[in-house]
Amino acid sequence: MSEEAAALPYVLGVDVGSTRTAAAVCRLGGAGRGEPEPVDLGGPGGGVASTLQLTPDGAFAVGEPGDPRWTATGFVRRLGDTTPVVLGGVERIPAEELTALLVMWVVDQVAAREGERPEHVVLAHPPGWGPHAKGLAHRALRSVGVAASLVPEPVAAAENHAFTRSPVGPLGVFSLGSHAFSASVVGRGFELVATADGVDQAAGADFDDAVLAHVRTSLGRELTDLDPDDPRTRGLHARLRRDCEAAKRVLSGTVETAIPVHLPSGRVDVPITRAQFEDLVRADVEQAVSLFTRVASGVAMTVLVGGSARIPLVAASVPGRVVLEAAPETSVVKGAALAARRLVVGPDAEPEPIETSVLVRDDDPLLRFPVGSLDVPDAEFTAPPPRPPVDITPLDLPERRTVKRVVRGLVVTGGRRARDPEDGR
């Protein structure tokens, strides 16, 4: 990031996922179109693990999970649940307060790099949040000093899509992440028309398990008979699962790879082809596509978002015209930053879209994966109607005691410290 860019005022988009939290900024001045820029938060892929670990001194460490008794994960999907997250068998913290702490940490990390706080913050949230969940989120964010607008994840994805392509009608959003799937339709005015969560729908983590099962089947008793208490094999299974996840990602760009298994007797490579992997997950992908077609029947175009949307079988299975960015896991957070920019500068300042999609597919089987732009009749590129403001749902709920009674600050796993909400540091 140049010093000139860092000196410009900016807005911030935040996406707290079940597995990974991401951030992106949009500049409010200078040359260019205010293109969203993902922020490196120090974790794999530029994001950071959506985990908060309560430390003995009353702080929360952000990053990779530690002691599971003191580590909170997956809390954003529990927001609105009346059952709090229990840490250490003692502290009972509502999911909305944990979510707000993580957002506060992101805001502080970005502000430290930029030299100033953002002009506005937009938090992308699961499409299933209703007024009650949004109200809880607003109140929790205010309690840690963050004033933010809330935008449903599919709407944020549509914002990002509209930045690069002219709208052609209702947009389908097929979202497949590590732990969740949703099917949505977003209208041309950026309103959420329809949405459905895939209850018990397999997602990316389940696909990792399928690759792991392939390895176990291939090695048989050579793997299953290992003693888990043997120091030589204690970390084998955790490492193997990470290698299975890596193999899944590699198969999105190649037709064959191998999973290394570090047995006490030596390393063994288990080969797997894309065809084998697709056979393992085909039924789950077809189930997701079936739900999507019921929710989003007749949409003009579908955008694929989430890290697991990279799997070629997904793009090949979703009907109609499909658009997939080079980094679909950042589509939502970039759209959140664009929504924040639009709230600050207004719709009249928005530039005309440009074509930058890297994967577009239409119904012609000979053009399943053309790279670059797609010839579309000019009639489809009509000027979009004025965009209404993003639906913000601040509820004036009474303040109550929050997680600040427990937490004295946030630190990054490894020692970096972020602002304490009580002392302003």
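Our subject in this report is the structure included herewith. Computed from a predicted model, the values in this text were never measured in an experiment. (Residues numbered from 1 in each chain as written. Predicted model: local features only at pLDDT ≥ 70, side-chain atom pairs only at ≥ 80, totals over all residues. Heavy atoms only, no water.)

1. Topic: the side chain of Ser182
Take Ser182: it is sitting in strand 13 (residues 181-186). Residues in contact with Ser182, not counting those within four places in the same chain, are Pro127, Val173, Phe174, Ser175, Ala196 and Asp197. (Helix = DSSP H or I, 4+ residues; strand = E, 2+ residues; numbered from the N terminus. Contact = heavy atoms within 4.5 Å.)

2. So, the environment of Arg216
Along the chain, Arg216 turns up in helix 5 (residues 204-219). Under the relative-accessibility criterion, Arg216 is labelled partly exposed at 40%. Measuring from C-alpha to C-alpha, the distance between Arg216 and Val270 comes to 9.6 Å, with 54 residues separating the pair along the chain. (Buried < 20%, exposed > 50% of the residue type's maximum accessible area, 1.4 Å probe, protein only.)

3. Considerations on the packing of aromatic side chains
Here the structure, examined in full by the defined rule, presents two aromatic pairs. Ring centres of Phe174 and Phe292 lie 5.5 Å apart, and the angle between their planes is 70°; this geometry places the pair in the edge-to-face category. Of this pair, Phe174 sits in strand 12 (residues 171-176) while Phe292 sits in helix 8 (residues 274-295); the two residues are 118 residues apart in sequence, bridging distant segments of the chain. Among the residues examined, Phe292 registers a relative accessible area of 1% and is labelled buried. In this structure an aromatic cluster arises from ring pairing among Phe174, Phe181 and Phe292. (Phe/Tyr/Trp six-rings, centres within 6.5 Å; stacked < 30°, edge-to-face > 60°.)

4. A short note on unusual backbone geometry
If you check the backbone angles, Phe190 has positive phi at about 65° while not being a glycine. Tracing the sequence through the fold places Phe190 in the loop between strand 13 and strand 14 (192-197). The phi dihedral of Asp200 falls on the positive side, at around 60°, and the residue is not glycine. Checked against the element boundaries, Asp200 lands in the loop between strand 14 and helix 5.

5. A few points about the packing of helix 5 against helix 7 (residues 236-250)
A pair of packed helices can be characterised by two numbers: the angle between their axes and the separation between those axes. Running from N to C, helix 5 and helix 7 point in directions that differ by 110°, and their axes come no closer than 9 Å. Our classification of the angle between helix 5 and helix 7 gives roughly perpendicular. Touching Gly204, Ala205, Phe207, Asp208, Asp209, Val211, Leu212 and Val215 of helix 5 are Leu240, Arg241, Cys244, Glu245 and Lys248, all from helix 7. Considered class by class, the residues forming the contact of helix 5 with helix 7 number seven nonpolar, one polar and five charged. (Axes fitted to C-alpha atoms, helices over the stretch in contact; angles between N-to-C directions. Parallel < 35°, antiparallel > 145°, perpendicular 65-115°, else oblique. Nonpolar A, V, L, I, M, F, W, Y, C, P; charged D, E, K, R; others polar.)

6. Considering the side chain of Glu153
Positionally, Glu153 belongs in helix 4 (residues 153-164). Exposure remark for Glu153: the relative accessible area of 10% places this residue in the buried category. Excluding residues within four positions of it along the chain, Glu153 makes contact with Asp15, Arg77, Ala124, His125, Pro126, Pro127 and Val332.

7. Re the pairing of strand 14
Pairing analysis gives five bridges linking strand 13 to strand 14, with the strands arranged antiparallel. Within strand 14, the residue paired with Ala183 across the bridge is Ala196. Following strand 13, the chain reverses through five residues before pairing antiparallel with strand 14; Phe190 in that reversal takes a positive phi of roughly 65°. (Pairing = 2+ DSSP bridges.)

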